[in-house]
Structure formats: C-alpha cells, structure tokens
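Structural description and commentary
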Amino acid sequence: MAVAKIRNRIRIENFFDLFINTFILPYLGFSIMLQKGPRPIVFCGPSGSGKSTLIKLLFDEYPDKFGFSVSHTTRNPRPGEENGKHYYFTTKDDMQKQIDSGEFIETAVFGNNMYGTSKQAIEDVQSTGKICVLDIEIEGVKQIKASPLQPLFIFIKPPSIEELENRLKKRGTESQESLQRRLASAKTEIEFGETPGNFDLIVENDNVEKAYEKLRNFIMSQTNQQNQNGIS
Ligand SMILES: Nc1ncnc2c1ncn2[C@@H]1O[C@H](COP(=O)(O)OP(=O)(O)OP(=O)(O)O)[C@@H](O)[C@H]1O
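Quantities reported herein were computed from a predicted structural model and do not represent experimental measurements. (Residues numbered from 1 in each chain as written. Predicted model: local features only at pLDDT ≥ 70, side-chain atom pairs only at ≥ 80, totals over all residues. Heavy atoms only, no water.)

Things to note about the overall build of the chain
Operational definition: Numbering of helices and strands starts at the N terminus; helices are DSSP runs of H or I of at least 4 residues and strands are runs of E of at least 2. Relative accessible area decides the class of each residue, using a 1.4 Å probe on protein chains only: under 20% of the type maximum gives buried, over 50% gives exposed, and in between gives partly exposed.
Helices and strands together make up the secondary structure of the chain, namely eight helices and nine strands. The 232 residues of the chain split such that 39% are buried.

So, the pairing of strand E5 (residues 104-110)
Worth spelling out the cut-off: When DSSP locates at least two bridges between a pair of strands, those strands are taken to pair.
Here E5 pairs with strand E6 (residues 113-118) via six bridges, running antiparallel. Across the sheet, Phe110 pairs through a bridge with Asn113, a residue of E6. Counting the residues in the hairpin turn of E5 and E6 gives two residues, including Gly111, whose phi is positive at 60°.

Re the packing of aromatic side chains
Applied cut-off: Only rings of Phe, Tyr and Trp enter the pairing, Trp through its six-membered ring, and a pair is recorded when the two centres are within 6.5 Å. The plane angle decides the type: under 30 degrees is stacked, over 60 is edge-to-face, the rest tilted. Placement of a positive charge over a ring is assigned whenever Lys NZ or Arg CZ falls within 6 Å of the ring centre and within 35 degrees of the normal to the ring plane.
A complete count under the given rule lists nine aromatic pairs for this structure. Ring geometry for Tyr87 against Phe89: centres 5.8 Å apart, planes inclined by 55°, an arrangement best described as tilted. Counting every residue linked through ring pairs, the aromatic cluster contains Phe59, Tyr62, Phe66 and Phe68. Across the ring face of Phe153, the terminal group of Lys145 is positioned such that the distance to the ring centre comes to 4.2 Å.

Some thoughts on the pattern of salt bridges
When the charged atoms of two side chains with opposite charge come close together, those side chains can pair. Stated formally: Counted as salt bridges are all cases of a side-chain nitrogen of Lys or Arg within 4 Å of a carboxyl oxygen of Asp or Glu.
Under the counting rule described, the total for this entry stands at twelve salt bridges. Glu165 is the salt-bridge partner of Lys169, the closest N and O atoms lying 3.1 Å from each other. Here Lys169 pairs with Glu165, and both are found in helix H6 (residues 161-171), just four residues apart, close to one helical turn.

Considering the nonpolar core
Nonpolar side chains in soluble globular proteins tend to be buried together. Applicable threshold: Residues belong to a common nonpolar core when they are buried Ala, Val, Leu, Ile, Met, Phe, Trp, Tyr or Cys residues joined through side-chain atoms within 4.5 Å. The contact criterion used is simple: two residues touch if any of their non-hydrogen atoms lie within 4.5 Å.
Within the largest apolar cluster, 20 residues are counted, with the highest numbers of intra-cluster contacts made by Ile41, Phe43, Phe66, Ile154, Leu215 and Ile219. Looking at this core, the elements with two or more residues in it are strand E1 (41-44), helix H2 (51-61), strand E7 (131-135), strand E8 (152-157), strand E9 (201-204) and helix H8 (208-228). Here the element with the most residues in this core is H8; it accounts for six residues. Setting aside residues no more than four positions away along its own chain, Ile154 makes contact with Ile41, Val42, Phe43, Cys44, Phe199, Leu201, Val203, Leu215, Phe218 and Ile219. If you look at the next biggest cluster of nonpolar residues, it comprises 16 residues, including Val125, Leu134, Ile136 and Ile144.

Remarks on the pairing of E7
The buried count for E7 comes to four of five residues, which makes it a mostly enclosed element. As judged from the three bridges shared by E1 and E7, these two strands associate in the parallel manner. Its bridge partner being in E7, Ile41 is matched across the sheet by Val133. Summarising the sheet, strand E2 (residues 66-68) and E7 pair through three bridges and their orientation is parallel. Across the sheet, residue Phe68 finds its bridge partner in E7, namely Val133.

Digging into the side chain of Thr73
Definition in use: Pairs of N or O atoms are called polar contacts if they sit within 3.5 Å, as long as, within protein, a hydrogen donor faces a hydrogen acceptor (for residues adjacent in sequence, only side-chain-to-side-chain pairs).
Among the structural elements, Thr73 can be located in strand E3 (residues 72-73). At 3.3 Å, the side chain of Thr73 forms a polar contact with the backbone oxygen of Met114. Excluding its chain neighbours within four sequence positions, the residues that come into contact with Thr73 are Tyr87, Tyr88, Phe89, Thr90, Met114 and Tyr115.

Let's talk about the sheet that holds E5
Going by this rule: Each axis is a line fitted through C-alpha atoms, and for a helix only the stretch in contact is used; angles between axes span 0 to 180 degrees, taken between their N-to-C directions.
One open sheet holds the four strands; their spatial order is E4-E3-E6-E5, and the pairing between them is mixed. With one partner strand each, in any of the chains shown, strand E4 (88-89) and E5 form the two edges of the open sheet. Strand contacts of helix H3 (residues 92-100): E3, E5 and E6, with the helix running at about 40° to E6, the strand carrying the most contacts.

Some thoughts on the site of the ligand
Our working rule: A single heavy atom is enough: if one lies within 4 Å of a molecule or strand, its residue is considered near that molecule or strand. Here the open area of atoms and residues is found with the Shrake-Rupley method and a 1.4 Å probe, where only the protein chains shown may cover a residue.
Every one of the 15 residues lining the ligand counts as a neighbour, but Ser47, Lys51, Ser52, Thr53 and Arg171 are closest to it. One of the side-chain N or O atoms of Ser52 is found 2.5 Å from an oxygen atom in the ligand. Here an oxygen atom of the ligand and a side-chain polar atom of Arg171 are 2.7 Å apart. With the chains in place, 74% of the 630 Å² that the ligand exposes on its own is no longer accessible.

Some details on the environment of Ala108
One can find Ala108 in strand E5. Taking the C-alpha atoms as reference, Ala108 lies 6.9 Å from Glu139; in sequence the two are 31 residues apart. Not counting residues up to four positions away in its chain, the partners in contact with Ala108 are Asn113, Met114 and Tyr115.

Section: the environment of Thr90
Mapped onto the elements of the fold, Thr90 is located in the loop between E4 and H3. The sequence separation of Thr90 and Arg182 amounts to 92 residues, and the corresponding C-alpha distance is 24 Å. Apart from the residues within four sequence positions on either side, Thr90 is in contact with His72, Thr73, Thr74 and Met95.

Worth remembering: the numbers are spatial, not functional.
Given below as structure tokens:
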C-alpha cells in the first residue's frame, strides 16, 4: 500500500517536473528573451502594398539599426534565393516537428506551402542588438498578438484595390491565378488593417516618399521614447 502511494507521488512529481520543464520554463525563458531590448516591428499588408519597398528604404538608411527575421518555408527556393538569407528552406515533416515542439511563434499555410517565424530567428536578430523586423500575414499577426513578443504593428495599406492590381501586374511576379488569389485576400486584409486596435500605425502607400517619411517618423519617435525609458 505504502509503496503504491510513494510510486504515485513519484509519478505526479515527475509529471509536474515534465510539465514545468516542457511548457513553463521554455515559455518564461522565451518571454524574458523576447521582452529584452527594443521592440520588434511587424509589417503587415496585402501583397503588393509595398512592404518590401518600404522595409528596403528603412534598411538602406539605417543598415546598423534593423535586422530582418528570416522565415522558414517549405516552398522551393526561387533562382537567387539563399538558404538562411532569404528563407530557411525546409520540408513539411521537419517543419511540423519543429512546430509540434513549440519552436515557432507564428505559422501559416499558403497554397500548398507552410511558412513561419521561428523563435530562434527573432533571437538571432535580437542578440546582435538590432531591432527585429518581421513581414507577416494577418494570421501571423493574430498569433503574435497572443505571444509574449509585444512588437509594434504597422499596416501598409494600398491606395485602392485597382492600384494594387496595377502594381502587382507591373511587378510581373504573379500568374493570373496567384494575382487573383492575392487580390481576393486584399479586401479582408484591409478590413483587418483598419480595425481599431489591430495596428499601432497605418501607412497608406500612395506616394512612396510620403509613406516612407510617415513610417520613419513613427519608428524613430518610438525608438527614441524607448531609449528614454531605458530600453535599448
Ligand atoms: N508608392 C508606390 N507607388 C508605385 N509603385 C509602388 C509603390 N510602392 C511600391 N510600389 C511597387 O509595387 C510593387 C509591389 O511592392 P512590394 O513588392 O514592395 O510589395 P509587398 O507588399 O512587399 O508585396 P509581397 O507581399 O507580395 O512581397 C513593386 O513593384 C513596387 O516597386
């Protein structure tokens, strides 16, 4: 009887140890790591709204201040794309295993491919002292809002769906099918972007110089404020 009781207690203690080691400690460690240093910046907006264009301007002007978080994807690399630079190219099996073990802060599926941001990718940027920049879709934004990351959320809005279509056609990267898929998502994305409380800043990218100025002013005022509050 006494032996059975002791065995049960050991089982319960082992269960608590396992629970704490598997869920609580990694979460706390991750949470502390992510809340250290300047707040990351999440960019979101319909495909073709100009996120990459504006992020590039920011990186060109402040090469030492910002670092881009490298996402994972199961899609094949396009010509010129390098593993670890543009994306971490992986397989569905490997990515699913990493998701199951809690290594991702956000994941999404588009078409037949998985995409996601690993906690490690964010920590890699933060460990260099740079501000981590992420470019993600609205499903990822929702997941990050439920995480300890606490970034600034910036929405890049196109002047209209017609102009978005013109820009995507002109960019020449989309098939008729992927163009239609992107345009179909844009309306929902804009509604989400304009919902009060979802974003800290909405930038309408009509004129690129004006949009960049608004973006830069906001980011600089936020980082100055964080410096004054002793977060750097
Ligand atoms: N203000 C602007 N006026 C005209 N063209 C623009 C403007 N901003 C960006 N573009 C052009 O529109 C196209 C789409 O921009 P960009 O690739 O930056 O969008 P994106 O939001 O990063 O898209 P994706 O999510 O598909 O990567 C590009 O060819 C870019 O040069």
